[in-house]
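Structural overview
Next come the chains, spelled out residue by residue.
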Amino acid sequence: MSDEDDLTTLRLRIEGLVQAVGYRQFTIGEARRLKLDGWVRNLADGSVEVLVSGPTKAVETFVGLCMRGPPSARVTNVDLQRAEPPQVKGFRRESTF
């Protein structure tokens, strides 16, 4: 199996100052740049949830970017869990949950 065939799917929960700071738009831009699938949404508790799927190296890069976030964000914690791949290709914004 080559690296290109090595797929990883993760669910991230990002905590800190991550709402109303352009965090979701940041993740959408980075995920599309890295050609990843999944979605991002705000959670009612003030955190952001992301489902991301793609080649392992690209997912690792994306997780690193999520740990930093856009300049106005202040990420305090990122929880990672393995997940099932999304049903739809591409990366999109989901409704707040």
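Residues numbered from 1 in each chain as written. Predicted model: local features only at pLDDT ≥ 70, side-chain atom pairs only at ≥ 80, totals over all residues. Heavy atoms only, no water.

1. Structural notes on the pairing of strand β3 (residues 48-55)
In terms of residue burial, β3 counts as a mostly covered element, since seven of its eight residues are buried. Summarising the sheet, strand β2 (residues 37-42) and β3 pair through six bridges and their orientation is antiparallel. Looking across to β3, one finds that D37 is bridged to S53. Taking the residues that link successive antiparallel strands as the turn, the β2-β3 hairpin has five residues, and the phi of G46 there is positive, at about 95°. (Buried < 20%, exposed > 50% of the residue type's maximum accessible area, 1.4 Å probe, protein only. Helix = DSSP H or I, 4+ residues; strand = E, 2+ residues; numbered from the N terminus. Pairing = 2+ DSSP bridges.)

2. Re the packing of helix α1 (residues 23-33) against helix α2 (residues 56-68)
Helices that pack against each other are described as a pair by the angle of their axes relative to one another and the distance between those axes. Closest axis-to-axis distance for the α1/α2 pair is 10 Å, and the angle between their directions is 160°. Classified by the angle between their axes, α1 and α2 sit roughly antiparallel to one another. Our pair here, α1 against α2, has a crossing hand that is right-handed. Along its contact with α1, which presents Y23, F26, T27, E30, A31 and R33, the element α2 presents F62, L65, C66 and R68. Along the lines of polarity and charge, the residues of the contact of α1 with α2 split into six nonpolar, one polar and three charged. (Axes fitted to C-alpha atoms, helices over the stretch in contact; angles between N-to-C directions. Parallel < 35°, antiparallel > 145°, perpendicular 65-115°, else oblique. Left-handed = near helix turned anticlockwise from the far one by under 90°. Contact = heavy atoms within 4.5 Å. Nonpolar A, V, L, I, M, F, W, Y, C, P; charged D, E, K, R; others polar.)

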